[in-house]
Structure formats: structure tokens, C-alpha cells
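Close look at the chain arrangement
Residues per chain are reported as follows:
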Amino acid sequence: MAQWYIMARTLSEHDIALLLKLAPECDTLVCKGSENTYRSILPPVANHYAKDADDFAARLNKLSDDEFLRLIDMIREGKEGIGCIPVECAEVLIEQALRRAGPEAGNELYALYEAGSQCQ
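Scope of this entry: the structure provided in the associated data block. Please read all numbers here as calculations on a predicted model, not as lab measurements.

What counts and what doesn't
Residues numbered from 1 in each chain as written. Predicted model: local features only at pLDDT ≥ 70, side-chain atom pairs only at ≥ 80, totals over all residues. Heavy atoms only, no water. Buried < 20%, exposed > 50% of the residue type's maximum accessible area, 1.4 Å probe, protein only. Helix = DSSP H or I, 4+ residues; strand = E, 2+ residues; numbered from the N terminus. Polar contact = N/O pair within 3.5 Å; in protein donor to acceptor, adjacent residues only side chain to side chain. Core = buried A, V, L, I, M, F, W, Y, C linked by side-chain atoms within 4.5 Å. Contact = heavy atoms within 4.5 Å.

With that settled, the discussion passes to helix α3 (residues 53–60). Among the 8 residues in α3, 6 count as buried, and that is most of the element. Residues of α3 that are buried: Ala-53, Asp-55, Phe-56, Ala-57, Arg-59 and Leu-60. Its side-chain oxygen 3.1 Å from the backbone nitrogen of Asp-54, Asp-52 forms the N-cap of α3.

Structure representation (C-alpha cells):
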């Protein structure tokens, strides 16, 4: 069963590599607005680096299928959050999940986003 919450975590080296692949301009792991250390990958990319939904899509397209599927697994495990990404970016993520991982993954991400998990 999918979890709708995010466990507080410290980004691993692998997580940081994914973040930098999605946002190579990221020069710090600290949110400039809250001054908290990033604890996830997708919210910083969607909220701080992507200019719009098209840019977010282009960034996700940089990921290999294996990397993208790993992100979906992290969302399912509650290690990665999508609750505080903008609606238009959530739509892009769900569309890509439908295309790259199948209907089950897309529908699950939609349900998780609609559940309204808190930003962490």
C-alpha cells in the first residue's frame, strides 16, 4: 500500500546526484526561502528551479527510465514527496509516469497527490 507521507531524511549521494541531474544550477542543498536543508528531490526542482511545467518536463526527461522508476519507488515508499509541487508539475509527473511506468504507477501518483500530503 502506498504511503502518503514523507519520512524526514537526509539526501543520500544518489539523491543528490539525481537532484543535480534535474537542476544542474543547484549550488546549495539549503532552501533559500526557508533556510532548511532539502529533504527531497522533486519539490526543490519544481518549486525553485523549473521555470514552468514545460521546463519541469524537460528536466524529468533527462532521467533514464531506471532513474525515473527509482523516483517513483521512492514516492511509493514515502521517501520522496510530491504533495507540495505545483499542480502543473504534478500533472507532468503523472503523465510521464503513465507513459514511462504504466497506468498503475500514474494512477497511484495521482491518488497520492490528491491525498494532499504535507510539504516536508
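Next comes the rest of the write-up.
The topology assignment puts Ala-58 in helix α3. Residue Ala-58 is classed as partly exposed on the basis of its relative accessible area, which comes to 39%. On a C-alpha basis, the gap between Ala-58 and Leu-22 in space is 8.9 Å, while along the polypeptide they are 36 residues apart.

Note that soluble globular proteins tend to have their nonpolar side chains buried in a common cluster. One finds Leu-42, Phe-56, Leu-60, Ile-82, Leu-93 and Leu-109 to be the most contacted residues of the largest nonpolar core, which totals 36 residues. Taken together, the elements giving at least two residues each to this core come down to α1 (13–22), α2 (42–49), α3, α4 (65–76), α5 (87–101) and α6 (103–114). Here this core gets 6 residues from one element, more than from any other, and that element is α5. With residues near it in sequence (within four places) discarded, Ile-82 still touches Leu-42, Ile-75, Leu-93, Leu-109, Leu-112 and Tyr-113.

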